Amino acid sequence: MTKRLVVFASGTGTNFEALADHFDRSQTARIVALVSDHERAPVVAKAQARGVPVITLDYRRYATKQAAEAALIQQLPPCDLLVLAGFMRIIGETLLAAFPNRIINLHPALLPSFPGRTGIEDAFNYGVKVTGVTVHFVDAGIDSGQIIAQAPVLIGKATTLETLETAIHDVEHHLLPQTIEDLIKEEKI
Ligand code: GAR
């Protein structure tokens, strides 16, 4: 049976597009909604152009993260997996309790190195020679949940921050859809 994905994204949405393109072809899953915390984020227009329903979650309208997440849960369609693809907020206890082992995150570094919002830049500035991409289950910590998949990206002498960003995104666009395919095949979702 086709799995139902909800994608969470805050910004550009190239990973949202990679997921949508992939699952248009494979049909093992489909994106049933996009959740964004910014109603003007470019990813919102990308979802609308594809006919994917958008749920805007304006955290500022709620007194607490629990209240915001409880309101979101009311709006979510039935789904098998929440996929954080460039979502720049920490998931709280309410959403974690509602979707145990059903939330995964894409991170642009080889965890446990360089967690947080600026993983690509942090790895580059540190001077590591290998960085990469991680897909992991989300837990209550910051980028600390169980790792599902990783792929390396080399940093050579000619690598600049800009070329590294491009290389990381290229790897992400393959690793995230493939990891979801594997979770489906292994009946983990
Ligand atoms: C991606 O590189 C993703 O790994 C990163 O945001 C970017 C979103 O790009 N996520 C994080 O840094 C989460 N801490 P996109 O909007 O083009 O998909």
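Residues numbered from 1 in each chain as written. Predicted model: local features only at pLDDT ≥ 70, side-chain atom pairs only at ≥ 80, totals over all residues. Heavy atoms only, no water.

Labelled according to an unreviewed UniProt entry, the protein chain appears under the name Phosphoribosylglycinamide formyltransferase, originating from Lacticaseibacillus jixianensis. Per UniProt, the protein chain has the following entry under Function (unreviewed entry): "Catalyzes the transfer of a formyl group from 10-formyltetrahydrofolate to 5-phospho-ribosyl-glycinamide (GAR), producing 5-phospho-ribosyl-N-formylglycinamide (FGAR) and tetrahydrofolate." (UniProt positions renumbered as here; feature names shortened; annotations may be inferred.)

Peer 1: Looking at this model, I keep getting lost on the site of the ligand. Mind explaining?
Peer 2: Around the ligand, a shell composed of 13 residues is seen, among which G13, T14, N15, H169 and E172 lie nearest. G13 is positioned such that a nitrogen or oxygen atom in its backbone is 2.7 Å from an oxygen atom of the ligand. G116 places a polar main-chain atom, nitrogen or oxygen, 3.3 Å from a nitrogen atom of the ligand. Burial of the ligand by the protein chains amounts to 91% of its free accessible area of 450 Å². (Near = heavy atom within 4 Å. Polar contact = N/O pair within 3.5 Å; in protein donor to acceptor, adjacent residues only side chain to side chain. Areas by Shrake-Rupley, 256 points an atom, 1.4 Å probe, with all protein chains shown as cover.)

Peer 1: Help me out: how do you make sense of the packing of helix α5 (residues 119-126) against helix α6 (residues 161-185) in this one?
Peer 2: When two helices pack together, their arrangement is captured by the angle between the axes and the distance separating the axes. It is the contact of α5 with α6, at a shortest axis distance of 10 Å, that shows an interaxial angle of 130 degrees. Taken together, the axes of α5 and α6 lie oblique to each other. Crossing angle aside, the handedness with which α5 passes α6 is right-handed. Side by side, α5 and α6 meet where I120, E121 and F124 of the first sit next to L161, L164, E165, I168 and H169 of the second. Of the residues in the contact of α5 with α6, the class split is five nonpolar, one polar and two charged. (Axes fitted to C-alpha atoms, helices over the stretch in contact; angles between N-to-C directions. Helix = DSSP H or I, 4+ residues; strand = E, 2+ residues; numbered from the N terminus. Parallel < 35°, antiparallel > 145°, perpendicular 65-115°, else oblique. Left-handed = near helix turned anticlockwise from the far one by under 90°. Contact = heavy atoms within 4.5 Å. Nonpolar A, V, L, I, M, F, W, Y, C, P; charged D, E, K, R; others polar.)

Peer 1: Just checking my understanding: could you explain α5 for this structure?
Peer 2: Helical periodicity: at 3.6 residues per turn, an α-helix aligns residues three or four positions apart in one direction. Among the residues of α5, those classed as buried are G119, I120 and A123. The arc that holds the buried residues of α5, viewed along the axis, is 105 degrees, so those residues lie on one side. Taken together, the buried residues of α5 touch β5 (103-107), β6 (130-137) and α6. Among the residues trailing α5, G127 stands out with phi positive, at a value near 95 degrees. (Buried < 20%, exposed > 50% of the residue type's maximum accessible area, 1.4 Å probe, protein only. Arc of directions from axis to C-beta.)

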